[in-house]
Amino acid sequence: MAAPKYTGKIEWPTKIELGRGLEGAITNETKIGYVDGEKGWLVYRGYNIFDLAEHSSFEETSYLLLFGKLPKDDELSDFKKKLVGYRKVPEVVIDVLKSIPKEVHPMSALRTGVSVLGCFDRKAEEITPKNDTEIGIKLISQMATIAGAIGRIRKGEPPIEPDPELDHSANFLYMMNGEKPDDFSAKVMDVSLILHADHGMNASTFTCMVVNSSLTDLYSSVCAGICSLKGPLHGGANERALAFLLKLKDEENAVRYVKDCVSQKKKIMGFGHRVYKAYDPRAKVLGQYSQKVTEMKGMGHLYKIAKKVEEEVIAAYGEKGIFPNVDFYSGTIYYAMGIDVLMFTPIFAVSRVSGWVARVLEYLPENRIFRPRAVYVGPLEERYIPIDKR
Ligand code: SDX
């Protein structure tokens with residue numbers, strides 16, 4: 001997809017109107033990423049995501065987010081070697097994952113796995129930019145290993161040892177599915193991981209930064225990010241969007257479904273966004289891949305139904321700035337690739353850990369603990385009444 005020309009200078013707004021859920025609040029200045037909700041722009045360190053999705057890799061994009069520049073050949077190969085070197089997790093992590101009941105949501109298992117990882121890292125409590133950067137790189141590598149193991153254990157299958165010859169996305173698919181992916185499937189996963197890597201001050205990124213601003217360890221902050229991302233209003237929307245799409249038999253059903261949601265004022269998963277009041281640029285790329293992958297796997301009807309839902313929702317809500325977001329098409333792609341629905345949000349986390357780590361590291365040198373306020377609207381003059389008088 002041709003990369004649009006993003007131009008102009010972004011300034012601090014002169015007037016800030018705060019709404020519930022910190023709508024409109026600004027936490028800090030950043031060079032990591034920029035979301036223009038009106039224009040539907042997404043930029044990582046100045047590079048727009050259409051360019052990155054087409055030309056970059058998840059490893060290179062993670063390097064860009066962490067270090068602020070595209071790596072030279074030797075820098076990228078050193079970074080990839082480090083990621084490969086960290087892939088294997090301590091056996092105890094796998095043992096704990098195996099002890100978790102199979103029906104537990106994979107995001108709860110992922111949160112647990114990362115927590116155990118932290119318990120077995122002797123340098124976890126060394127809170128310095130240098131050590132946190134190393135832990136961050138470890139987490140970018142090992143979240144994929146843990147998520148891959150969770151995907152296998154849930155199906156009653158043994159976890160797969162990472163393959164040092166495969167790139168990050170291909171190895172992640174291999175560890176999750178147990179077979180080496182073809183180049184196109186690896187590319188699709190890599191594009192998806194690039195697109196999900198960073199997105200401004202979203203709930204899970206903000207959670208990581210708030211938790212880390214108390215100068216706790218990075219494992220604790222990333223665990224908190226996983227907990228936030230799990231929710232259906234955030235990263236959990238991708239599995240719910242696919243769940244409703246699978247229930248729609250045909251396009252006629254799709255029209256009726258949207259009409260029912262509109263009349264019942266029911267939120268439609270995969271649509272709407274706090275910041276985007278235009279089409280989410282990530283959904284534009286994922287929509288194209290959804291059509292390609294579903295048609296390749298003989299599921300073109302699923303894409304047609306999704307497209308019909310999109311048309312109907314935009315017809316009903318486009319004026320209100322409600323369009324598909326990143327979670328609408330991602331699920332159709334993963335489903336067509338044979339990935340279990342409940343693994344969709346862990347895939348989001350395997351990507352977003354790069355953005356979480358990058359933003360936590362950026363904020364750390366001039367850290368200030370986050371401490372907003374609430375407006376107290378309760379009573380002030382209450383007097384204590386002994387219990388026998390109540
Ligand atoms: C992600 O922040 C990020 O950047 C997140 C993310 C990232 O990369 O990190 O982009 C990833 O989380 C994407 C969002 C995934 N969630 C969903 O798809 C769940 C469905 N979407 C909604 O729950 C909602 O749109 C949110 C949570 C995403 C945004 O919520 P807001 O900004 O708090 O909006 P709101 O709930 O206050 O709604 C404003 C209006 C309401 O109508 P009115 O009461 O004003 O008449 O818009 C309506 C809402 O009813 N609305 C929807 C809708 N989303 C908002 N109506 C129908 N379907 C929807 N999906």
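What this report covers is the structure whose coordinates are included nearby. Everything numeric here is computed off the predicted structure, so don't read it as measured data.

## Details of the pairing of strand E1 (residues 33–36)
Here comes step 1: Strand direction decides the pairing type here: E1 and strand E2 (residues 41–44), joined by 4 bridges, are antiparallel. For Asp 36, the partnering residue across the bridge sits in E2 and is Trp 41.
Here comes step 2: Two successive antiparallel strands, E1 and E2, enclose a turn made up of 4 residues, where Gly 40 displays a positive phi of approximately 75°.

## Notes on the site of the ligand
Here comes step 1: The ligand sits among 25 residues. The nearest are His 199, Lys 267, His 273, Arg 274 and Arg 282.
Here comes step 2: His 234 is positioned with one of its side-chain polar atoms (N or O) 2.9 Å from an oxygen atom of the ligand.
Here comes step 3: Within the side chain of Lys 320, a nitrogen or oxygen atom sits 3.0 Å from an oxygen atom of the ligand.
Here comes step 4: Protein contacts shield 75% of the accessible area of the ligand, which totals 1000 Å² for the unbound molecule.
Here comes step 5: Mapped onto the shell around the ligand, the elements with two or more residues apiece are helix H15 (326–336) and helix H16 (344–363).
Here comes step 6: A breakdown of the residues in the shell around the ligand according to their chemical character gives 10 nonpolar, 7 polar and 8 charged.
Here comes step 7: Here the shell around the ligand spans two domains, since at least three of its residues come from each of domain 1 (56–234 + 341–366) and domain 2 (237–336).

## A short note on unusual backbone geometry
Here comes step 1: Look at Arg 45: it is not a glycine, yet its phi comes out positive at around 50°.
Here comes step 2: Along the chain, the position of Arg 45 falls in the loop between E2 and strand E3 (47–48).
Here comes step 3: Even without being a glycine, Leu 215 presents a positive backbone phi close to 65°.
Here comes step 4: Its location among the elements puts Leu 215 in the loop between helix H9 (203–212) and helix H10 (218–229).

## Notes on the pattern of salt bridges
Here comes step 1: Tallied over the entire structure, the rule returns 19 salt bridges.
Here comes step 2: Measuring nitrogen to oxygen at the nearest pair gives 3.1 Å for the salt bridge that ties Glu 157 to Arg 152.
Here comes step 3: Among the salt bridges present, the one from Arg 240 reaches Glu 239, with a minimum N-O distance of 3.8 Å.
Here comes step 4: In the salt-bridge network here, residues are joined through shared partners; they are Lys 88, Glu 91 and Glu 161.

Analysis parameters
Counting starts from 1 at the beginning of each chain's written sequence and moves along it residue by residue. Note on the predicted model: pLDDT of at least 70 is required for a residue's local features to be given, and 80 or more for side-chain atom pairs to be given and counted; whole-chain, interface and lining totals, by contrast, use all residues. To get the side-chain values, take all heavy atoms of the structure and skip hydrogens and water. A pair of strands is labelled paired if DSSP reports no fewer than 2 bridges between them. Comment: elements are numbered from the N terminus, with helices defined as DSSP H or I runs of at least four residues and strands as E runs of at least two. Note on definitions. A residue lies near a molecule or strand when any single heavy atom of the residue is within 4 Å of it. Under this definition, polar contacts are N or O atom pairs within 3.5 Å; protein pairs additionally need one hydrogen-donor-capable and one acceptor-capable atom, and for neighbouring residues in sequence, both atoms have to be side-chain atoms. In short, Shrake-Rupley with a 1.4 Å probe defines the accessible areas, and a residue's cover is counted only from the protein chains shown. Following the grouping adopted for this structure description, the nonpolar residues are Ala, Val, Leu, Ile, Met, Phe, Trp, Tyr, Cys and Pro, the charged ones are Asp, Glu, Lys and Arg, and the polar ones are all others, Gly among them. An automatic or database domain assignment provides the domain bounds reported here. The salt bridge criterion pairs a side-chain nitrogen of Lys or Arg with a carboxyl oxygen of Asp or Glu, the two atoms within 4 Å.

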